[in-house]
Amino acid sequence: MRAASTTRGFQPLRDLPTVLWLLLLVLVTIAHRDLPAPRWLMLHVLLLGAATHAILVWSQYFSFALLRSKQSSSDRSRQTWRLALSNAGAALVVIGVPLGVWPVTVAGAALLIAAVAWHAASLVSRLRGALAGRFGRTVRYYVAAAAFLIVGASLGTWLAGGFGADRERLVLAHALINLLGWVGLTVTGTLVTLWPTMLRTRADEQAGPSAARALPVLAVAAAVATAGAALGASGVLALGLLGYAAGLVLIAIGMVRAARSAPPRSFAAGSAGMAVLWGVGTLLALAGTALHAWSTGADFVAVRAAMDAVVPYAAAGFVAQVLIGALSYLVPVVLGGGPTPVRTGTRALDRGGALRIATANVALVVCALPVSSLMRVIASMLYLIAVGSFLPLLVIAMRAQRRAKQAQAAGAGAAPVAGAASVAGAAQPAAARRRGPIAPEGERPAGQRSGQAVAGLLAVVLAVVIAAAVQPQDLGLTAPPAGAAAAAQPTAESAPVQTVEVSAADMRFTPSRIEVPAGTRLVIELTNADAEIEHDLVLDTGVRSPRLAPGEHASIDAGIVTAGAEGWCSVIGHRQMGMTLAIVVTGEPGGATAPDAAHHHSAAGAGDGGDASAAGDGHDASDAVYDPMAEPGAGFTARDAALPPLPPPADGPVTHRETLTVTEQVVEVAPGVRQTLWTFDGAVPGTAPGPTLHGRVGDRFEITLVNDGTIGHSIDFHAGALAPDEPMRTIGPGEALTYAFTAERAGIWMYHCATMPMSAHIANGMFGAVVIEPEGLPEVDRSYVLVQSELYLGPQDGEVDVAQLATGQPDIVAFNGYARQYEHAPLAARVGERVRVWLLDAGVARPSSFHVVGGQFDTTWAEGDYLLDAREGGDGGAQALALQPAQGGFVELVFPEAGHYPFLSHVMIDADRGAQGVFEVAQ
């Protein structure tokens, strides 16, 4: 093999994007709490960014070496373009998916697919034109892997667009395509030749033929496993995974023989070896779960939960370690310069190798155990430090190797350039094959390497001990309750563990009742199986899960259970709709059970939007209080009640284009009373109701809804008639949709958020009005719009009190979102002017009876028709317009003389709650 000709052009800068992606991964891990979809982001930065770039670089490298081909300048130019397309595509996907901007995701996926397809085509062309050695057929692994990536990226893009009825199954299929196909096949094919090279021994004689036999087994098995996941067939999935494991056995035989003749002593070999163990272990764990689900007839959600639990360990244990191990060996070799510079770079990358390997892998084992969240966080940080140390060591190694090359050139003239070591070990002299061109840290005495490994183990053990000292209850070290000193209390180590799969969907936890023997450690594997809505689980013991987007999973360690407990979803209104969970303890005298959900009040939920409200009137002591006699502050400005003007007349219907942005803002709703409202911002940001839209019959409305909130929202326009499936769907934070309709009938129509529970979303500010004028509506001197709504006050600056909402007794009833605002800023009119008042009752519970004190209506119109029309003559009049929630109309009157005319809802208790104002009539 002409090593120099095959490696020229694989400059170290080609690995710079991999390093940058790994650095981004570290930053994302540190800042994950402040980022959208942090788990998705971490996995895709590693797999789609760092791993994919490394695969494209090094599979090309090995293809030239194994096929004994010479790389031309045009090959290098095309490779540069492929890498640029790949990294640009990965960056766009990593930006587009968390922000919910599907066109950006599509563009990124298209670039990535184009780069990988081009990559595969170049490999196929090289295979056809080269005379392959005995390991040349392993290049086919890279071609097969590329085919899997193209399918996986296409499926992921489709899922990112919100398509697919069985999203949980398809997400699992997407993950398997990429892990088993793109990453798994590439790594397997590479290790056939790279593993013995790392060990500095010759490859097993049967390694090449075994690899050729294993490829179709692995490819077919990966396809079968993916199909099983997509179909929700646990048995098919298990068959595919076990078939994949069988294919790996064919490869493993040669790897084990190589390791027996030359045990791993360098960091590169040790890291790659541990990666293989993690990859096989996670594969078998998932296969076991699928096999158990198939044999017991369990729901497929258990397999999905197992995949959620396995993927982080596959990524951290397998992908990250094999990537770093391979780079630790290959980068010095490709930098070259001769044996001495290569040895210098390798030694730098081998620093503390046994310590880093031991720390990373023991920390991962701790994370996989049912330990407390504090222990898991500390272990995760130790893993991150151990693995992340590769980045500064890489910089140190490259600088040291460059200095060694300069010193060698200065001392001996033009030194011969050493290329890549033969990956098969066949083209080197026997002595070189046994010894290799480098002497890594692994050459140090075995005792020194063992000492480093023990130090890594002790570092993790010390961290666990510190966590136990901070939270002794996690190890059962707290004192037993009074009167129970004689009873033996189980510890975390001795207590049996019960793991329960819980699915959150359709405003229910399934199962909603968990029976646990006393003294058992309970672990809840929670999966959000809803298609659109976020959920979480809060226990009254203070334990809680993070907020889960659809399809996400969390493991909740409830600790050792000795008494019944209650759980609920803390998203506004979900608990009131029945999303509760009871933990019942068995094996105790009296059969201790969870508290009665109807009467239980938990301090743990006090900050969850009122979900922990007490019985009685539903109010917590911390809730804001409305004082009807209070005056607004100096900066008060009333909501403009004037009806927005119609657009200029046109030859035909007018198209109205508006963007409504969902925001969460603290808004004053009465003098001194502030609430965090969810609002449809438009012309008047941060207020409820949302902006009033105004049009004529036949006009078209194209409304873009942008969700800048923190939970899912939607919109429903009563003014349009259409199937609600797509336009009224719930969109997550950062997502957007377009809702288009034609106004075919006149009225004042309500629009509102349609996400469950609708009562909470509407009561917290998500409503507004659309005025569609009837044909031939006469002009008047003034037109106003008044939308009546209700406020159920939570804590000051807090959100709606859903327990109070359930009583149907609001704290405030207001016109246009602020109690009595038009007493403080009266609506203007003049004597003799005709005034039209458009009215909408937005609810959620209270009717309205609009009345003007001192005035009489000569025209009333409700729900599409006139009740009284002054144009028809007659001496009839009306004193009030009665409306139920979501009904609307208008009244007209002429004020006979100057003065102040109060208006109100004649449901008088609601007028006392704030539904009143004043017309100030001038001469």
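Residues numbered from 1 in each chain as written. Predicted model: local features only at pLDDT ≥ 70, side-chain atom pairs only at ≥ 80, totals over all residues. Heavy atoms only, no water.

Looking now at the pattern of salt bridges. Per the stated rule, a full pass over the model turns up 19 salt bridges. Here aspartate 536 makes a salt bridge to arginine 544, at a shortest N to O gap of 3.8 Å. Assessed through its relative accessible area of 1%, aspartate 536 is described here as buried. When the shortest N-O distance is used, the salt bridge between aspartate 797 and arginine 674 registers 2.7 Å. Note that aspartate 797 is positioned in the loop between strand E17 (782-791) and helix H19 (802-807) and arginine 674 in strand E10 (residues 673-681), a separation of 123 residues in sequence. For arginine 674, a relative accessible area of 34% puts it in the partly exposed group. Salt bridges sharing common partners tie together Arg834, Arg836, Asp858 and Glu892. (Salt bridge = Lys/Arg side-chain N within 4 Å of Asp/Glu carboxyl O. Buried < 20%, exposed > 50% of the residue type's maximum accessible area, 1.4 Å probe, protein only. Helix = DSSP H or I, 4+ residues; strand = E, 2+ residues; numbered from the N terminus.)

So, on to empty space enclosed by the protein. For the structure shown, the criterion picks out 10 cavities of 30 Å³ or more. Approximately 250 Å³ is the volume found for the largest cavity. As for the largest cavity, its lining consists of 18 residues, of which Ile55, Val187, Val322, Leu323 and Ala326 are closest to the centre. Among the elements of the structure, helix H3 (38-66), helix H7 (167-199) and helix H11 (301-335) are those that each provide at least two residues to the lining of the largest cavity. (1 Å grid on protein atoms, 1.4 Å probe; cavity = no way out; pocket = protein on both sides within 12 Å on 5 of 7 lines; lining within 4 Å. Points joined across faces, edges and corners; volume = space filled by probe spheres on them.)

Next up on the list: the pairing of strand E19 (residues 827-830). Only one face of E19 is buried: it carries Leu827 and Ala829, and the other face, with Ala828 and Arg830, is open. Looking at chain direction, E19 and strand E27 (residues 916-922) are connected through four bridges and run parallel. Bridge pairing in E27 links alanine 828 to glutamate 920. (Pairing = 2+ DSSP bridges.)

Okay, the nonpolar core next. Membership of the largest hydrophobic core comes to 137 residues, with the highest contact counts inside it found for Leu176 and Leu237. Here this core takes 21 residues from H11, the largest share from any one element. When residues no more than four places from it in sequence are discounted, the contact partners of leucine 176 are Gly181, Ala225, Thr226, Ala229, Leu237, Leu241, Leu286 and Met307. Counting 55 residues, the second-largest nonpolar core is a separate cluster that includes Ala565, Cys569, Ile703 and Ile715. (Core = buried A, V, L, I, M, F, W, Y, C linked by side-chain atoms within 4.5 Å. Contact = heavy atoms within 4.5 Å.)

What follows concerns helix H12 (residues 339-349). Of all the positions in H12, only Pro341, Val342, Gly345, Thr346, Ala348 and Leu349 are classed as buried. Buried residues of H12, viewed axially, fall in a sector of 160°; they line one side. (Arc of directions from axis to C-beta.)

Packing of helix H6 (residues 139-160) against helix H8 (residues 207-231) leaves a shortest axis separation of 10 Å and a crossing angle of 10°. Classified by the interaxial angle, the pair formed by H6 and H8 is roughly parallel. For the pair formed by H6 and H8, the contact residues are Arg140, Tyr141, Ala144 and Phe148 on the first element and Ala211, Ala214, Leu215, Leu218, Ala219, Ala222 and Ala223 on the second. By residue class, the composition of the contact of H6 with H8 is 10 nonpolar, no polar and one charged. (Axes fitted to C-alpha atoms, helices over the stretch in contact; angles between N-to-C directions. Parallel < 35°, antiparallel > 145°, perpendicular 65-115°, else oblique. Nonpolar A, V, L, I, M, F, W, Y, C, P; charged D, E, K, R; others polar.)

Moving on to unusual backbone geometry. Cis geometry is adopted by the peptide bond preceding proline 511, which originates at threonine 510 and carries an omega value of -5°. Positionally, proline 511 belongs in the loop between strand E2 (508-510) and strand E3 (513-517). The omega torsion of the bond from glycine 843 to valine 844 falls at 25°, within 30 degrees of zero and hence cis. Along the chain, the position of valine 844 falls in the loop between strand E20 (834-841) and strand E21 (848-852).

Further remarks concern the packing of aromatic side chains. Each aromatic ring pair is characterised by the separation of its centres together with the angle its planes make. This structure, assessed with the given rule, holds 23 aromatic pairs. Here tyrosine 61 and phenylalanine 62 contribute two aromatic rings whose centre-to-centre distance is 5.2 Å and whose plane-to-plane angle is 90°, an arrangement assigned as edge-to-face. Judged on exposure class, the residue tyrosine 61 and its partner phenylalanine 62 are both buried. Between phenylalanine 701 and phenylalanine 741 the ring centres are 5.2 Å apart and the planes differ by 10°, which places this aromatic pair in the stacked class. You can see phenylalanine 701 sitting in strand E12 (residues 700-707) and its partner phenylalanine 741 sitting in strand E14 (residues 736-742), a full 40 residues away along the chain. On the basis of relative accessibility, which here comes to 1%, the residue phenylalanine 701 falls in the buried class. Joined through ring pairs, the aromatic side chains of Tyr784, Phe815, Tyr822, Phe850, Phe857, Phe895, Tyr901, Phe903 and Phe919 make up one cluster. (Phe/Tyr/Trp six-rings, centres within 6.5 Å; stacked < 30°, edge-to-face > 60°.)

It is worth spelling out the sheet that holds E21 at this point. On the basis of which strands lie adjacent, the open sheet formed by five strands has the order E19-E27-E26-E21-E24 and mixed pairing. The strands lining the two open edges of the sheet, one partner per strand, are E19 and strand E24 (881-883). Sheet twist, expressed as the average angle between the axes of neighbouring strands with direction ignored, equals 20°. For strand E26 (residues 899-905) and E27, the ladder comprises six bridges, and the chain directions are antiparallel. Among the inter-strand pairings, proline 902 is bridged to a residue of E27, identified as valine 918.

Our next topic: the side chain of serine 234. Looking at the element boundaries, serine 234 is found in helix H9 (residues 234-261). Dropping the residues within four chain positions of it, serine 234 is found in contact with Ala290, Ala293, Trp294, Phe300 and Val303.

So, about the side chain of histidine 553. Examined against the element boundaries, histidine 553 turns out to sit in strand E6 (residues 553-561). Given a relative accessible area of 9%, histidine 553 falls into the buried group. Within polar-contact distance, the side chain of histidine 553 engages the backbone oxygen of leucine 526 at 3.0 Å. Polar side-chain contacts of histidine 553 include one of 3.2 Å to the side chain of threonine 527. (Polar contact = N/O pair within 3.5 Å; in protein donor to acceptor, adjacent residues only side chain to side chain.)

On to the sheet that holds E17, then. Strand order across the open sheet formed by six strands is E18-E17-E20-E25-E22-E23, with mixed pairing between neighbours. Of all strands in the sheet, those bounded by a partner on one side alone are strand E18 (812-815) and strand E23 (865-868). Averaged over all pairs of adjacent strands, the angle between strand axes in this sheet comes to 20°, irrespective of strand direction. Here strand E22 (residues 859-862) pairs with E23 via three bridges, running antiparallel. Considered in E23, the bridge of threonine 860 is made with leucine 868.

So, about the layout of surface pockets. Looking at the second largest pocket, its volume works out to about 620 Å³. Lining of the second largest pocket is provided by 31 residues; of these, Leu248, Val276, Gly279, Val280 and Phe318 occupy positions nearest its centre. Elements supplying a minimum of two residues to the lining of the second largest pocket: H7, H9, helix H10 (267-296) and H11. Top element by residues in the lining of the second largest pocket is H9. It accounts for 10 residues.

This next bit is on the packing of helix H5 (residues 102-129) against H6. Each pair of packed helices gets described by two things: the angle between the helix axes and the distance between those axes. It is at 9 Å that the axes of H5 and H6 come closest, and there the two elements cross at 165°. Of the possible angle classes, the one that applies to H5 and H6 is roughly antiparallel. Here H5 and H6 pass one another in a crossing that is left-handed. Here the residues of the contact of H5 with H6 are counted per class, giving 19 nonpolar, four polar and one charged. (Left-handed = near helix turned anticlockwise from the far one by under 90°.)

Most of strand E15 (residues 747-752) sits inside the fold, with five of its six residues counted as buried. Sheet topology note: the strand E13 (residues 716-717)/E15 ladder contains two bridges and is antiparallel. Considered in E15, the bridge of aspartate 716 is made with histidine 752. Across six bridges, E15 lies against strand E16 (residues 767-773) in antiparallel orientation. Its bridge partner lying in E16, glycine 747 is registered against isoleucine 772.

If you trace the backbone, valine 371 turns up in the loop between helix H13 (353-368) and helix H14 (373-388). Given the relative accessible area of 13%, valine 371 is considered buried. Between the C-alpha atoms of valine 371 and aspartate 557, which are 186 residues apart in sequence, the distance is 7.6 Å. Not counting residues up to four positions away in its chain, the partners in contact with valine 371 are Val366, Arg376, Arg521 and Asp557.

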